[in-house]
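Examination of the molecular architecture
Each chain, letter by letter, is given below.
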Amino acid sequence: MPERTKQKTHIEFTLNGEAVEVAFAPHKTLLEVLREDLNLMGTKHGCELGECGTCAVLVNGRSALSCLVLGLEAEGRSVETVEGMASPAGLHPLQETFADTGAAQCGYCTPGFLLVAKELLAANPRPTREEIKEALCGNLCRCTGYIKIYEAVELAAARMRGEELELPREAVYGLD
Amino acid sequence: MLTEIVGKPVPRKEGRSKVTGAARYVDDLRMPGMLYGATVRSPVARGRIRSVTFGEGVPWDEFVVVTAKDIPGENAVALILLDQPYLASEFVNHAEEPILLLAHADKQLLERARRAVHVDIEPLPAVFTLADSLARTQTIWGEDNIFKSYLVDKGNVDEVWAQADLVVEGEYSTGAQEQLYIETNGVIAVANAEEGVTVWGSMQCPYYVHKALLKLFALPPERVRVVQCETGGGFGGKEEYPSMIGGHAALLSWKAGGRPVKIIYDRAEDMVATTKRHPSLTRHRTAVSRDGRLLGMEIEFVVDGGAYATLSAVVLSRGTIHAAGPYNCPNVRIRSRAVATNVPPHGAFRGFGAPQSIFALERQMDKVAAAVGLSPAEFRRRNFIRQGETTATGQVIREPVDMAGLLDRAFELTDYQAKRERFARENAAVGAGGVKRGIGFASFMHGAGFTGSGEDYLKSIVGAEADASGRVRILAASTEIGQGTNTIFAQIASDALGLNYDLVEMAQPDTGNVPDSGPTVASRTCMIVGRLVESAALGLRQTLQGAGLLADEYTEGDWREACRQYVERYGALKSFSQYKPPPGVRWDDEKYEGDAYGAFAWAVYVAEVSVDTLTYETRVDDFVAVQEVGKVVHPILAAGQIEGGVAQAIGFTLYENVVWQDGRMVNNGMTNYVMPTSVDLPPIRVHFEEQPYEYGPAGGAKGIGELPMDGGAPAILNAIEQATGVSFTHVPLMPEALMRGLSETT
């Protein structure tokens, strides 16, 4: 019978802006460490093969598929999950617009989309729709056809720039 | 009283929890002492089990092991028939059929153990295609491989062939499609003889799981409890399958003396072992007059049900009834059959048979139009069904219907006529290897609610309760799976009572606490269950008024005060409402004749494509969806249903190809089974016409969920025919097939 490893590794990193220490079996992915050892259930698994984008988190501000990253690799880095997006002042503009515009239907892919969209807006505060499509094309959504997700990103981008942008009536009520 | 909120884009009830990561899906739940479960499955499609052996290197004494012998009740998944076992014991009838269950606290060790179980099976000859099943190369189910057949017979089709100026024949087929919800199937179960069985899970229909568990454990209804967790998409894929995985987890827990057992499929297992859309074959023979009037339609429709009956009979029913579409034709005969093959059972998927038969019909209508020398639009205009005319089942359309108006609107929004002419001109000048363009459309309808007498059998019940603070809770087993059930029910109830939307909430679907409002399927949630929500809510008001605590006109303050006094004096304030068919509805199950659905949604969808004749890639460049769905309850959610459904239809048409080898899906991953990504989809432009339905809730809502799956495939293939001049008859249309089709004509 092969040896079952009981030995745990210990790392320190920044999680959603706070210093954390955690011990876990060294073979674990960052996704497993977040969910099983840190009890942060907002990060979801869709395939655990890097195919669907559902488990995306930000590592040092860059999107990463947490199912393909070893937990060990978080050592000394800064990791952001969906739980870290809201501030005491309220939801992140992307969270607000995803909730309001119908960008989250079943909600399972939503945390991944939110974080990848946040990365996009940090680098490009005024993305075109084509740039949004490119940025999000590694995240699969089966519910929405993506249209309402683009609208949510555009609306949040405008709010973050301090601009007023109302959703076109077409987006809310269909074509006139 | 407040102003209406039906029709307004109020925030969805669980919106905030879904964007903060707070929403709890089943895999987010953990229980003390919980074990993980795994399924040992058949490596072959058909055969006799010789032996099961447990390999070396695994501490088997630490494992919970369940075989068919451990089942306390009946080894059958109770649905329509009882032919599908929970665990195969002697014979297997499809690849990946469950044979044995394992549970252990250590997930890594569990996976090693699963791989160490060896099942020795003596293979038997198998049937993998619909054609072989019909030809009965082997008899694999019943006496003739046929799960179900229907005959719809209107007028006398035998007499029309002689009078017809033209008879046009066509044959069309569709492939399997994976639902591909992003959250895979998963459950947690706690089960033992003392406390009964409880299952928490990702599901559409808690009472289906409940019914199945009663049979599996031979327990009375009050000893079984099923709770729906937040569910990461269903699309039909979590209609019947949760009864299987839920039963498996419960069997393991039962054997483990009641320790909680969690089973979460990984993506590969979910894709290879669970249900998919039924592949289909449709043959059309259409009689028309020289001036383009439909005289007769003879339609043969066959679906591949896989190895067990599951829901195939009802999928076939919906596909059959939709097969002749929104046309007025005096003579129609539809013969349909669901047949058995040795593949995992095909099951519910948005549209439920209708996308298959409508694909065939709307390809055939373009073919007939060309044969009589009319444009596809003009031919349809001459045959669209109108108020007072009858469908194939003899259902009189009592409500106003304006298919021609929808067509006009769709053409206006897409500039169809001008584009059709321009593409024809420009394509003629495109050289070899260039990009050709086309525009095409499909016109169709989709019935809401269970077919025929189905709703009458279901007799769904919805409850409403108000507490002493005046808060209203809706008690229904209808699930929120992303489509917006929680939100529209709250809108409907708050409008019915004239209360603030925030005062109304939904109870979690839990069979221990909510009545059976029926399954969350068949575009029935808004129209059928929504109506019950409305009347249950109104029952609360009647009770308060009957008790003399509330005047006809009241404020929210009056309501709260009335509730407070009622609860103080009489205890719980509850009201229930049960389904009754609208007056005048008749359906004959024997003749398959009459009012198939309470109401239909009507639609015209237009697709614009470009076809690269060098790479054989097809892109959908624009998509316009015009539909009449009755009163639109929530414009953002409604548009979201259409956009998402169209996206799935585009996948069904151009990208999603299930590759079978010996009855097993071999491309069971998200990189080789390709669903559309953000860069694959066109703008999807949605337009609603509203024709209130007399018996719908909230001023006349009808069904919406499945409709958008129906029109995409034929609209796109009709557009590809304009682009290439080749009439393709199978979806998915993969680049290889496009290449073959185009090469054969040049």
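Residues numbered from 1 in each chain as written. Chains lettered and ligands numbered in written order. Predicted model: local features only at pLDDT ≥ 70, side-chain atom pairs only at ≥ 80, totals over all residues. Heavy atoms only, no water.

Description of the overall build of chain A
Our working definition: A run of DSSP states H or I qualifies as a helix once it reaches four residues; a run of E qualifies as a strand once it reaches two. Both are numbered from the N-terminal end. Only protein chains enter the accessibility calculation, which uses a 1.4 Å probe; a residue whose area is less than 20% of its type maximum is buried, one above 50% is exposed, and one in between is partly exposed. Surface accessibility follows the Shrake-Rupley procedure with a 1.4 Å probe radius. Residue values consider only the protein chains on display as shielding.
A tally of helices and strands in chain A yields six helices and five strands. Starting at the N terminus and ending at the C terminus, chain A contains elements arranged as β-β-α-β-β-β-α-α-α-α-α. Across its three principal axes, chain A shows a C-alpha extent of roughly 70 × 35 × 25 Å. Here chain A, with 176 residues, has 57% of them falling under the buried criterion. Carbon and sulfur atoms provide 49% of the accessible area of chain A, an area that totals close to 7,400 Å².

Re the overall build of chain B
Using the following cut-off: With C-alpha atoms as the basis for the radius of gyration, the globule rule is written as 2.2 Å multiplied by the number of residues raised to the power 0.38. By definition in these notes, contact holds between two residues if any of their heavy atoms fall within 4.5 Å. In this tally, Lys and Arg are treated as positive and Asp and Glu as negative; His is ignored, and so are the chain termini. Here the site of a charge means NZ on Lys, CZ on Arg, CG on Asp, or CD on Glu.
Helix and strand counts for chain B come out as 19 helices and 28 strands. Rg of the C-alpha trace for chain B: 26 Å, near the compact-globule value of 27 Å for 746 residues, within the 12% margin. For chain B, the spread of C-alpha atoms along the three principal axes comes to 75 × 75 × 50 Å. Sequence-distant contacts in chain B: of pairs separated by 6 or more residues, those separated by 24 or more amount to 81%. Per element, the accessible surface of chain B, about 25,100 Å² overall, is 49% carbon and sulfur. Each charge class in chain B can be summarised by its mean position, and for the 72 positive and 92 negative side chains these summaries are 1 Å apart.

Observations regarding the sheet that holds strand β5 (residues 78–80) of chain A
Two orientations exist for strands paired in a sheet by backbone hydrogen bonds: parallel and antiparallel. Residue and element names in this part refer to chain A. Put simply, the test is: Think of it this way: DSSP has to see at least two bridges between two strands before they count as a pair. Working convention: axes come from line fits to C-alpha atoms, limited for helices to the stretch in contact. Angles between N-to-C directions cover 0 to 180 degrees.
If you walk across this open sheet you meet the five strands as β2-β1-β5-β3-β4, and the pairing is mixed. Sheet topology places β2 (18–24) and β4 (62–65) at the edges, where each strand pairs with a single neighbour. Between one strand axis and the next, the sheet turns through 40° on average, direction left out of account. In this structure, strand β3 (residues 56–59) lies alongside β5, joined through two bridges in antiparallel fashion.

Quick notes on helix α9 (residues 354–372) of chain B
Residues and elements named next belong to chain B. To keep things clear, this is the line we draw: The span one expects for a helix is its residue count, reduced by one, times 1.5 Å.
If you check α9, its first and last C-alpha atoms are 26 Å apart, about what 19 residues at 1.5 Å a residue would give, namely 27 Å. The element α9 is extensively covered by neighbouring structure, given that 16 of its 19 residues are classed as buried. Positive phi appears at Gly373, one or two residues downstream of α9, with a value of about 80°.

Considering the domain arrangement of chain B
One frequently used descriptor of interface size is the decrease in accessible area upon assembly of the parts. All names here are of chain B. Quick note on the threshold: Residue ranges for the domains originate in an automatic or database domain assignment. Take the accessible area each of two parts loses on contact, using a 1.4 Å probe, and add the two losses: that sum is the buried area. Here a salt bridge means any side-chain nitrogen of Lys or Arg lying within 4 Å of a carboxyl oxygen belonging to Asp or Glu. Pairs of N or O atoms are called polar contacts if they sit within 3.5 Å, as long as, within protein, a hydrogen donor faces a hydrogen acceptor (for residues adjacent in sequence, only side-chain-to-side-chain pairs). Residues are grouped as follows: nonpolar covers Ala, Val, Leu, Ile, Met, Phe, Trp, Tyr, Cys and Pro; charged covers Asp, Glu, Lys and Arg; every other residue, Gly included, is treated as polar.
The domain architecture assigned to chain B consists of domain 1 (15–23 + 460–578), domain 2 (31–124 + 180–273) and domain 3 (280–451 + 591–744). Relative to domain 3, the C-alpha centre of domain 2 lies at a distance of 36 Å. Each partner contributes to the interface: domain 2 provides 26 residues, whereas domain 3 provides 28 residues. The junction of domain 2 with domain 3 conceals about 2,200 Å² of combined surface from both sides, 65% of it contributed by carbon and sulfur atoms. For the pair domain 2 and domain 3, the interface holds one salt bridge. A salt bridge links Arg664 to Glu96, with the nearest nitrogen and oxygen atoms 2.6 Å apart. Linking domain 2 to domain 3 there are eight residue pairs in polar contact (both at pLDDT 80 or more). Here the side of domain 2 that touches domain 3 gets five residues from one element, more than from any other, and that element is helix α7 (residues 267–273). Residue composition of the side of domain 2 that touches domain 3, by class: 14 nonpolar, five polar and seven charged.

What about the interface of chain A and chain B?
Taken together, the contact between chain A and chain B spans 54 residues of the former and 70 residues of the latter. At the boundary of chain A with chain B, total buried surface from both sides reaches about 4,900 Å², with 57% on carbon and sulfur atoms. One salt bridge in this structure joins B:Glu656 and A:Arg142, with 2.7 Å as the shortest N-O distance. For the interface between chain A and chain B, the tally reads 25 residue pairs in polar contact (both at pLDDT 80 or more). Those elements that place two or more of their residues in the side of chain A that touches chain B are α1 (30–37), α2 (93–100), α3 (110–123), α4 (129–136), α5 (147–160) and α6 (169–173) of chain A.

Considerations on the side chain of B:Thr274
Residue and element names in this part refer to chain B. Position of Thr274 relative to the elements: it lies in the loop between α7 and β13 (280–288). At a separation of 2.7 Å, a polar atom in the side chain of Thr274 contacts the main-chain carbonyl oxygen of Asp270. In this structure, Thr274 is in contact with Glu178, Tyr181, Asn185, Tyr241, Tyr265 and Glu269, ignoring residues within four places of it in sequence.

With respect to the environment of A:Phe98
Inspection of the secondary structure assignment puts A:Phe98 in helix α2. Remark: the alpha-carbon pair of A:Phe98 and A:Asn60, spanning 38 residues in sequence, is separated by 23 Å. With residues near it in sequence (within four places) discarded, A:Phe98 still touches A:Ala103, A:Ala104, A:Thr110, A:Phe113, A:Leu114, A:Ile149, A:Ala152, A:Val153 and B:Val19.

Describing the sheet that holds strand β28 (residues 730–731) of chain B
Residue and element names in this part refer to chain B. Here we have six strands laid out as an open sheet, ordered β7-β15-β14-β13-β8-β28, and mixed in their pairing. The sheet terminates laterally at β7 (146–154) and β28, the two strands that pair on one side only. Strand direction decides the pairing type here: strand β14 (residues 294–304) and strand β15 (residues 331–339), joined by nine bridges, are parallel. Bridge pairing links Asp304 to Val339 in β15. Helix-sheet contacts for helix α8 (residues 312–322) involve β7, β14 and β15, and the interaxial angle to β7 is about 25°.

Quick look at the side chain of B:Thr724
Residues and elements named next belong to chain B. Counting through the fold element by element, Thr724 comes out in helix α18 (residues 712–724). Using a relative accessible area of 15% as the deciding quantity, one classes Thr724 as buried. There is a polar contact of 2.8 Å between the side chain of Thr724 and the backbone oxygen of Ile720. Not counting residues up to four positions away in its chain, the partners in contact with Thr724 are Val611 and Leu742.

Structural notes on the packing of α2(A) against α3(A)
Residues and elements named next belong to chain A. The criterion, for reference: Roughly parallel means an angle under 35 degrees; roughly antiparallel means over 145; roughly perpendicular covers 65 to 115; every other angle is labelled oblique. In this scheme, a crossing is called left-handed if the near helix is turned counterclockwise away from the far one by less than a right angle; it is called right-handed if the turn is clockwise.
It is at 10 Å that the axes of α2 and α3 come closest, and there the two elements cross at 130°. Relative to α3, the element α2 is oriented oblique. Regarding α2 and α3, the two cross each other, and that crossing is right-handed. Between α2 and α3, the contacting residues are Leu94, Gln95 and Phe98 on the first element and Thr110, Phe113, Leu114, Ala117, Lys118 and Leu121 on the second.

Side note on the nonpolar core
Selection rule: Among buried residues, the Ala, Val, Leu, Ile, Met, Phe, Trp, Tyr and Cys ones that are joined through side-chain atoms within 4.5 Å form a nonpolar core.
Counting residues in each nonpolar core, the largest one holds 100 residues, and the members touching the most others are A:Phe98, A:Val153 and B:Ile720. One finds B:Leu294, B:Ala309, B:Ile334 and B:Val606 within the second-largest nonpolar core, a separate group that totals 59 residues.

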